[in-house]
Amino acid sequence: MGKKFLHVLLIVFALVMVSPTAFATHQRAGEISYTFISGLTYEFTIVTYTYTPSPADRPEIEVFWGDGTSTVINRQIKVNMDNNISQNVYVTQHTFPAAGTYHVTFEDPNRNAGIVNIPSSVEIPFFIETILVINPFIGGNSSPQLLNPPLDNGCTNVPYYHNPGAYDPEGDSLAYSLINCRGYDGEDIPGYSLPAASNFIAIDPLTGDLTWDSPLMAGEYNIAILIEEWRDGVLIGSMVRDMQITIAPCNNEPPVVEVNDTCVVAGSRIDQLVRVYDYTSSYVRLSATGEPFLVDESPAQFSDIYDSVPYATHFVWNTTCSHIKLNPYDVIFKAKDNGPQVELVSFKTLRIRVIGPAPKNLNAFPEGNVIHLDWQPDSCPNAIGYDIYRRSGEDDFEPDSCQTGLPPEAGYTKIGSTEGWHDTAFTDDGSVIPLYHGNEYCYRVVALFPDGSESIVSEKTCAHIANDAPVLINTDVVTTDTMNGNVLVRWLFPPEVDSAAFPPPYHFELFRKNGNNDELLVYTVEAPVNPTDTLSYLDHDLNTMDEDFTYQVKIFNSDTLIENSDPATSVFLTLASADKRLELSWTNIQPWNNIKYKVFRRNDLTMVWDSVATVTETHYTDCNLENGNTYCYYVEAEGYYWLPDTTGPLFNRSQRICGMPIDNEPPEVPDITVDTDCQNVEFSWLFSSDTAALDAVHYYIYYKPTLEGVFTCIDSFDHAQICYPAPCTYNISVSGSEVLVGCYAMRVADSNYNVTQLTDSVCIDVFECLEYQLPNVFTPNGDGVNDIFTPFMPYSGVTKIEMEIYNRWGKRVFSTHDPDILWDGADETTKQPSSDGVYYYGCKLYVNTLSGEIYYLLNGSVTLIR
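In this text the structure is predicted, and so the values were computed from the model without any measurement.

Chemist: Looking at this model, I keep getting lost on the overall build of the protein chain. Mind explaining?
Modeler: Scanning the protein chain from N- to C-terminus turns up three helices and 59 strands. Taken over the C-alpha trace, the protein chain has a radius of gyration of 39 Å; the compact-globule value for 866 residues is 29 Å, which it surpasses by more than 25%. Principal axes of the C-alpha set define a box for the protein chain whose edges measure 125 × 75 × 50 Å. When the 866 residues of the protein chain are sorted by exposure, 48% land in the buried category. Intrachain contacts of the protein chain at a sequence separation of at least 6 include 66% that bridge at least 24 residues. When the accessible surface of the protein chain is totalled, it reaches about 39500 Å², and 51% of it is carbon and sulfur.

See below:
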């Protein structure tokens, strides 16, 4: 018997032993939904679909809440539908003990018989689950509501379509996937498979549109749809719908619905054309469901239509500000034809975005060194505030018709926010990003809404800060030294000084600041007669090797301070050593705009500083260097002011600094695979290139026994083979499943013992090697052959057992916990040899899996012959 077959056989055997067929309810479909009431209290609705003639009705069911309690719930509604199907609705409230994650489940002993893709379906329990997350940080949450029933029909060799019609009351994002139907204790049903298809069966993860293209064989099929609920990138709950599809032989084709997705600004009217076709039927009924029909204010309008095809109709919705939402609305159109054998349906999802209008009449007013903004309150009073963005200089950004917010490529940076619909004023004082004299700044505003959605961005408005302060143009490091360093500082007379308010003569004071030291006056000079002359000062006796320096010039009229210049800092370069490279980065805090940087490296043969790169970012990596050699660098920044009437370009150098590349990096993390023959574990790994492979010298094998365990190193070795382009292999001998079962990973080190992170882990579960078979006869006659009842050797995977052996009259004659069993045929009470005959055993086989210890039931008989 094969190992995996034995695993499946044991599970099926155990389920057959416990399934109470006589009480079958013939469950066909169902789901669990919930609504937040208050605090820790939620209202749950369990809907099931059963076979009406079944004598095992369910006027009450037991639901388990996942908090250690359960409740027996009385049925509130029973609706007898067509085709001997009953809809059963159970409603109750439950209060949970605390915040946490709760698995709310319902299990009923039996499904209906004859489900094609569930072996022995009448013996398999029906199981559904909803996961509720109670988190005080996300507030009360209700599950999605499913508007389309979970029973449907289709034809062989014709595509089948379905949509659960889910909508979320809070507007959270929903994600759909197909999972295995589940049975006893919530485990995947042994032998379950998705329905066979001529092409595929799949569900759209965004819209929930299910396509089965196409059913091959008539019969009843069950699938399970997992619907996950996401908020701000966090999973906050899920529910499972177990549904049934009946496929019959027919030559009908499903209807076709055509409608285009749309996006509107709140307050606009949607009038969307919907077309319906059917090439094999004469009439089609079109209906629609979805959240737009359920909103409190101004719900959408659509009347069901039953008409000859083809025809066209309209979906109409007068949107309002209350409809603004981060996620799209889904309108699900269901078309059902009048096919002669089977009435086929198809679904089409119309996705609608309702977005906030742009704020209007944005204005900017400069006042001294700040800029004041104001704008008109958003036309939607449910806005909760506004985000304010700024950039230097003009832009030509125009948002798309359905684009909200402000994308990074527009070149704007968020500088602040306001709270409240009426809070429509903001002052930019340069505290977030400095404002510099003589520059033009442009602003845009975006309105915010309660669910995190943003409006269309406003039109831009721009303002200019007067250039009435001294203009620094150089903070150039001339000499690098720890004590005798020099920085050249140069500046210009203020282009827009108010000579009427502040008549000459003028003088300047130059201040320097570094680190946490106080500002220091380093130079005073009278203003030149010619205001176009450049002023300069060579600041000296500085530690330019280890520090940068910030300068500011102040202009005075006698003792009256007129204005401060914008501060400017010398360019400061740092080096980081890496394997065969040096990583350069530098600071750039200056009022002008540096547009590029030249990187210079000293040639140690000629002692000339060679330009090795020109970059626009404030970092550069110099590669292909020799580890252990010293390399020296400086950076020269080239910049300009925005206004064209100032001197440019402006060149400013950093200090000169040296560094040495060293091998301080681990090798590449290889791709690994792990296989087993149940006696050995074989590692196989491969690098992406021969260079990466050559860097790897030392290898370490890590192991953990369970998914939740902690990795520990169990083996290490050196490997000289180059693992590219062919993979390398390494075997670990194991003794028994207790070492074999678990997760394996690898770390790699180079010759300097720089060690990688763990590779991705590969896990081996007990089912890969589970082997435990018992003989059906043994002969305890003392001849040394087959004297002991014991498993066929070798076995694997079983760590202990609970076995009891009974004679034909039901008396226990032997029991053990030893997987070897070792029964010699003696009665455990009398110690006398048992008589010849058939003996019956029941056994729990305990195995260690990746998820912990579990057991299987094994029942059978053995014949004792002396």
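Chemist: Would you explain the pattern of salt bridges in this entry?
Modeler: Where charged atoms from two side chains of opposite charge come close, those side chains can pair. Summed over all chains, the structure comprises 26 salt bridges. Of the charged contacts in the structure, one is a salt bridge between Glu291 and Lys325, with a shortest N-O distance of 3.6 Å. Placement of Glu291 in the loop between strand E20 (283-290) and strand E21 (305-308) and of Lys325 in the loop between strand E22 (311-318) and strand E23 (329-337) is noted, with a sequence separation of 34 residues between them. In this structure, Glu291 and Lys325 share a single accessibility class: buried.

Chemist: Just to check I follow, could you spell out the pairing of strand E34 (residues 506-513) for this structure?
Modeler: Along E34, seven of the eight residues are buried, which leaves the element largely enclosed by surrounding structure. Sheet analysis places E34 next to strand E37 (residues 550-557), joined by eight bridges and oriented antiparallel. Paired with Glu509 across the two strands is Lys554, which belongs to E37. One ladder, built from six bridges, connects E34 with strand E35 (residues 520-526); its direction is antiparallel. Within E35, the position partnered with Glu509 by the bridge is Thr524.

Chemist: What's the story with the packing of aromatic side chains in this structure? I'm lost.
Modeler: Given two aromatic rings, one states the distance between the centres and the angle between the planes to describe the pair. Throughout the structure, instances matching the rule amount to 38 aromatic pairs. With a centroid separation of 6.2 Å and an interplanar angle of 75°, the aromatic rings of Tyr42 and Phe96 are classed as edge-to-face. Placement of Tyr42 in strand E2 (residues 41-51) and of Phe96 in the loop between strand E5 (85-95) and strand E6 (100-108) is noted, with a sequence separation of 54 residues between them. Since its relative accessible area comes to 1%, Tyr42 is described here as buried. Where Trp491 meets Phe508, the ring centres are 6.1 Å apart and the plane angle is 70°; that geometry is what we call edge-to-face. Placement of Trp491 in strand E33 (residues 485-492) and of Phe508 in strand E34 is noted, with a sequence separation of 17 residues between them.

Chemist: Sorry, what's going on with the nonpolar core here?
Modeler: In globular proteins that are soluble, nonpolar side chains generally tend to be buried together. Core analysis: the largest hydrophobic core is formed by 47 residues, its most contacted members being Phe315, Phe333 and Tyr443. Core analysis: the next-biggest nonpolar cluster, separate from the first, contains 31 residues, Tyr700, Tyr702, Trp823 and Tyr841 among them.

Chemist: Whenever I open this one, the pairing of strand E38 (residues 560-564) confuses me. Can you help?
Modeler: Consecutive side chains of a regular strand alternate in pointing toward one face of the sheet and then the other. The pairing of E37 with E38 spans four bridges and is classified as antiparallel. Looking across to E38, one finds that Ile555 is bridged to Glu563. The antiparallel pairing of E37 with E38 creates a hairpin that spans two residues between the two strands, and Ser558 there sits at a positive phi of about 55°.

Chemist: Would you mind showing me how to read unusual backbone geometry here?
Modeler: Keep in mind that most residues, glycine aside, have a negative phi and that most peptide bonds are trans. Geometrically, the link from Tyr724 to Pro725 is a cis peptide bond, its omega value of 0° lying close to zero. The topology assignment puts Pro725 in the loop between strand E51 (712-718) and strand E52 (728-733). Note that the residue after Met793, namely Pro794, is joined by a cis bond; omega there is -5°. Relative to the helices and strands, Pro794 is located in the loop between strand E55 (777-778) and strand E56 (798-806). With phi around 60°, Asn83 is a residue other than glycine that occupies positive phi space. Position of Asn83 relative to the elements: it lies in the loop between strand E4 (70-80) and E5. Positive phi, close to 55°, is recorded for Asp232, a residue that is not glycine. Mapped onto the elements, Asp232 comes out in the loop between strand E15 (219-231) and strand E16 (234-248). Among the residues examined, Asp232 registers a relative accessible area of 70% and is labelled exposed.

Cut-off values and rules
Along each chain, the written sequence defines residue order, and numbers are assigned to residues from 1. Local features in this predicted model are restricted to residues whose pLDDT is 70 or higher, and side-chain atom pairs enter the listing and the counts only when it is 80 or higher, whereas totals over whole chains, interfaces and linings include all residues. Side-chain descriptors were evaluated using all non-hydrogen atoms of the structure, hydrogens and water having been removed beforehand. Runs of E in the DSSP output that reach at least two residues are strands. Runs of H or I that reach at least four are helices, and both are numbered from the N terminus. When we talk radius of gyration, it's over C-alpha atoms, and the globule rule is simply 2.2 Å times the number of residues to the 0.38. Whether a residue is buried, partly exposed or exposed follows from its accessible area with a 1.4 Å probe, protein chains only, as a fraction of its type maximum: under 20%, in between, or over 50%, in that order. In this description, contact between two residues means that some pair of their heavy atoms is separated by no more than 4.5 Å. The Shrake-Rupley method, run with a 1.4 Å probe sphere, supplies the accessible areas, and residue values consider only the shown protein chains as cover. The working definition used for a salt bridge is a side-chain nitrogen of Lys or Arg within 4 Å of a carboxyl oxygen of Asp or Glu. Being paired, for any two strands, means DSSP has found at least two bridges between them. Only rings of Phe, Tyr and Trp enter the pairing, Trp through its six-membered ring, and a pair is recorded when the two centres are within 6.5 Å. The plane angle decides the type: under 30 degrees is stacked, over 60 is edge-to-face, the rest tilted. Put simply, buried Ala, Val, Leu, Ile, Met, Phe, Trp, Tyr and Cys residues joined by side-chain atoms within 4.5 Å make one nonpolar core.

Treat this as a map of the structure, not an account of what it does.
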